[in-house]
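Each chain, letter by letter, is given below.
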Amino acid sequence: MAGLHAPHMAMINSNFLKLKAGYLFPEIARRVNAFTTENPDHAGEIIRCGIGDVTEPLPPSIVAAFHEGVDEQADRATFRGYGPEQGYAFLREAIVENQFAGMGIGADEVFVSDGSKCDTGNILDIFGPGNTIAITDPVYPVYVDTNVMAGNTGDADENGAYKGLLYLPCTAENQFVAEVPDARADLIYLCFPNNPTGAVATRGMLEAWVRYARENDAIILFDAAYEAFIRDPEIPHSIYEIDGARECAIEFRSFSKNGGFTGVRCAFTVVPKTVTGKAADGTRVPLHQLWNRRQSTKFNGASYPVQKAAAAVFSPQGKTEVKALIDHYMGNAALLREACLALGLKVFGGENAPYVWVGCPEGLTSWDMFDKMLNEARIVITPGSGFGSAGEGYFRISAFNSRENVEEVCRRLTALVS
Ligand code: MLT
């Protein structure tokens, strides 16, 4: 009696069927693998500036703390089993002291996790259906795809834009910083310093967003995974530097890009107790309570040695070593910017962010440029259109690499384009 609506059948979440192709980075990996299979002699020449993955090893003081954590697990006297789902107090306290001093954030408002990608997706568990969701275009694809999976969108149109999402265009005209829209939204994803464009928001711009959120009873989901790369002292690192944000914003932070934890995995999300959402009966419910419940049910905490290692990011030695790492990557970004500028290309980002956002040479689409760079220069970049239709005509170069590789990328790019 098999049929379309047979009663005994494992039904899937059909929202997944609305998703376009693969997630951007696996799709890039697929194309790179195809190239290396077809051109095995050139496989070794490939330089990867696509995914924003760090390349430099963990700094020594962080490694030492990591080892110490493992050694403690090897001894009955110091062994630890399950830790708190929200993270160990020593790490939550170090985070608040070092990153949120004077902003009114309590250690119990910090939830340690194994990654910001997971947290930005998982946060949708605590929001109901029917919200109007604003996202920038271009955008980090995780915000979009997780909303598609959660059933918060309709189908994608021919440009890949999903019905039901409120897209905020970011273009060269607005310096890739989304303006506050006329329409109202319930949830707004903002990412500064921005992935993919490397744009940063001034205090005034963030104030406008906080004002908008408060006037519209909306929540800002603020992704600050790249805050460590901010060089300009006028640019806020946290949304909580803005008055009123404690009432309307959740912030995501990561150890991936500052401490080099992309493989180690540690991040955290700040949910102030003062941020509330509405229940169906109109009562206001603190989001902190819901996220705490969500994490306690579905997550068992980041591992103890990893949290020990993360806390070492804030030790005096750790700070010096992390600063050297950031300086290294930002030195790369400066070289990449200079090379692209010298070629007469339009260049954005790379000054307060590890991503350089570049206009494609005349007549090339983003994927044309991706293929040209891969096939002719053996360089992997990320096509701007993979981040949304407003990214068409641009490509992103990641500054996460060795200096030697970046110098070689500059040489090859110059030979390719000039
Ligand atoms: C990127 O390349 O955009 C990053 O790797 C994304 C991430 O951190 O997940």
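Going by the structure above, here's the rest.
Residues numbered from 1 in each chain as written. Predicted model: local features only at pLDDT ≥ 70, side-chain atom pairs only at ≥ 80, totals over all residues. Heavy atoms only, no water.

Caption draft 1: The arrangement of the packing of aromatic side chains in detail. Counted according to the given criterion, the structure contains 25 aromatic pairs. Ring centres of Tyr226 and Phe229 lie 6.5 Å apart, and the angle between their planes is 50°; on these two criteria the pair is classed as tilted. Accessibility classification places Tyr226 together with Phe229 in one group, the buried group. Among the aromatic residues, those joined into a cluster by ring pairs are Phe25, Phe176, Phe348, Trp357, Phe387 and Tyr394. (Phe/Tyr/Trp six-rings, centres within 6.5 Å; stacked < 30°, edge-to-face > 60°. Buried < 20%, exposed > 50% of the residue type's maximum accessible area, 1.4 Å probe, protein only.)

Caption draft 2: Summary view of the site of the ligand. Lining the immediate surroundings of the ligand are Phe25, Ile51, Gly52, Tyr140, Asn195, Tyr226, Lys257, Tyr355 and Arg396. A distance of 2.5 Å separates an oxygen atom of the ligand from a polar backbone atom of Gly52. Protein contacts shield 85% of the accessible area of the ligand, which totals 270 Å² for the unbound molecule. Residue classes in the shell around the ligand are distributed as five nonpolar, two polar and two charged. Each of domain 1 (22-51 + 317-417) and domain 2 (61-314) gives at least three residues to the shell around the ligand. (Near = heavy atom within 4 Å. Polar contact = N/O pair within 3.5 Å; in protein donor to acceptor, adjacent residues only side chain to side chain. Areas by Shrake-Rupley, 256 points an atom, 1.4 Å probe, with all protein chains shown as cover. Nonpolar A, V, L, I, M, F, W, Y, C, P; charged D, E, K, R; others polar. Domains from an automatic or database assignment.)

Caption draft 3: Structural view of the environment of Leu168. Along the chain, Leu168 turns up in strand 4 (residues 165-169). A relative accessible area of 3% means that Leu168 is categorised as buried. In contact with Leu168, other than residues within four places in its own chain, are Ala134, Ile135, Thr136, Asp137, Ala178, Glu179, Pro181 and Trp209. (Helix = DSSP H or I, 4+ residues; strand = E, 2+ residues; numbered from the N terminus. Contact = heavy atoms within 4.5 Å.)

Caption draft 4: View of the pairing of strand 8 (residues 267-270). Alternating positions in strand 8 separate into two faces, Ala267 and Thr269 on one and Phe268 and Val270 on the other, with burial throughout. Of the pairings in the sheet, the one linking strand 2 (residues 110-113) to strand 8 comprises four bridges and is antiparallel in character. Counterpart to Ser113 in the pairing with strand 8 is Ala267. Of the strand pairs in this sheet, strand 7 (residues 249-254) and strand 8 are connected by four bridges, and their pairing is antiparallel. From the neighbouring strand, Phe252 faces strand 8, where its bridge partner is Thr269. (Pairing = 2+ DSSP bridges.)

Caption draft 5: Structural view of the sheet that holds strand 14 (residues 382-383). With respect to topology, four strands assemble into an open sheet ordered 11-12-15-14, the strand pairing being antiparallel. Of all the strands in the sheet, just strand 11 (347-349) and strand 14 have a single pairing partner and so form its edges. Both strand 12 (residues 355-359) and strand 15 (residues 394-398) contribute to a ladder of five bridges, which runs antiparallel. Its bridge partner being in strand 15, Val358 is matched across the sheet by Phe395.

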